[in-house]
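Structural overview
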Amino acid sequence: MYEVKPEKPSLVIKNATFITSAAREDQFIRPTKPMIAVCGKSNVGKSSFINMLANQKKLAKTSSEPGRTRLVNYFDFGEFILADLPGYGFARVSKSEKEKWAKTLDAFFRKKEDIAHVFMLADSRHDPTADDVQMVQYLNYHIIPFTVTLTKADKLSKMKLKEHIRAIASDLYLGVHNLLATSAETGYGKTDVLNKIYSVLQAQKLICQADEELEEPEEEQPQE
Ligand SMILES: Nc1nc2c(ncn2[C@@H]2O[C@H](COP(=O)(O)OP(=O)(O)OP(=O)(O)O)[C@@H](O)[C@H]2O)c(=O)[nH]1
Ligand SMILES: [Mg+2]
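Residues numbered from 1 in each chain as written. Chains lettered and ligands numbered in written order. Predicted model: local features only at pLDDT ≥ 70, side-chain atom pairs only at ≥ 80, totals over all residues.

Quick word on helix H5 (residues 190-215)
End to end, H5 covers 37 Å across 26 residues, agreeing with the expected 38 Å (1.5 Å per residue, within 8%). Turning to H5, its buried residues are Lys 190, Val 193 and Ile 197. On its buried face, H5 is in contact with strand E2 (35-40), helix H1 (46-54), strand E6 (146-151) and strand E7 (179-181). (Helix = DSSP H or I, 4+ residues; strand = E, 2+ residues; numbered from the N terminus. Expected span 1.5 Å × (residues − 1). Buried ≥ 20, exposed ≤ 12 C-beta atoms within 10 Å, placed from the backbone. Contact = placed C-beta atoms within 7 Å.)

As structure tokens, then:
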């Protein structure tokens, strides 16, 4: 077997910084560049995923205690904004708190014109939860572009990972090519994610150009 050299990503993240946190809709920022959101159940690895992309260990706070990120945390990644969303499906919180999180998430996704893409994270080791299935249905229903991204791939053998990708894709009614697998521990899949972001940013640029062209005043027609 010949060795496949790891590909260089088309996007390089140089210096990602924290912008702000929002607890409520009125604190959401109005992004001035494309915004990419990261969502997924509590403890799936959202903050670790963001740190992997940023090449930093502590940009987004990680915790082995689920339900840690209760706010929308915004980060400046240079060419785009990244939003770390509160995790859903955490059993050990009160009903009223769950409702509050659901409201925050719903309010966030309702401003869909602000969202260029969503990375919906799911655990590569387990079947998707009912919440994961609901999240995919929600994104599909609201026509918000997303990529299901499996986390913690380092915990599975290559064979098992392949098997799980197939099973999870099928449970979520997606093709296997709509899924990416990653590991924040080893950096596996990071290039695929950066390449996906690059193509999202390229597409956004084309949309902006087209919008600008449409806004240009029409040339005056000569009077007959
Ligand atoms: N082995 C392994 N562990 C991971 C990986 N990603 C995250 N973890 C661990 O999983 C736990 C949760 O990670 P977080 O990044 O805090 O998860 P989160 O989704 O941000 O959690 P909440 O903010 O609480 O919803 C931590 O103990 C991480 O070290 C991974 O790719 N591989
Ligand atoms: Mg988190």
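Picking up after the structure, the text goes on.
Focus: unusual backbone geometry
Although it is not a glycine, Asn 55 sits at a positive phi angle of roughly 60 degrees. One can find Asn 55 in the loop between H1 and strand E3 (72-76). The class of Asn 55 is partly exposed, set by 14 C-beta atoms lying within 10 Å. Located in the positive-phi region is Lys 152, a residue other than glycine, with phi close to 60 degrees. Positionally, Lys 152 belongs in the loop between E6 and helix H4 (158-171). By the C-beta count within 10 Å, which is 20 here, Lys 152 ends up buried.

A look at the pairing of E3
Counting buried residues along E3, 4 of its 5 residues qualify, which places the element largely inside the surrounding structure. The pairing of strand E1 (residues 17-22) with E3 spans 5 bridges and is classified as antiparallel. The residue of E3 that forms the bridge with Ser 21 is Asn 73. As defined by bridge partners, E3 adjoins strand E4 (residues 81-84) across 4 bridges and the pair is classed as antiparallel. For Phe 75, the partnering residue across the bridge sits in E4 and is Leu 82. Hairpin connection between E3 and E4: a loop of 4 residues separates the two successive antiparallel strands, and Gly 78 in this loop has a positive phi of roughly 90 degrees. (Pairing = 2+ DSSP bridges.)

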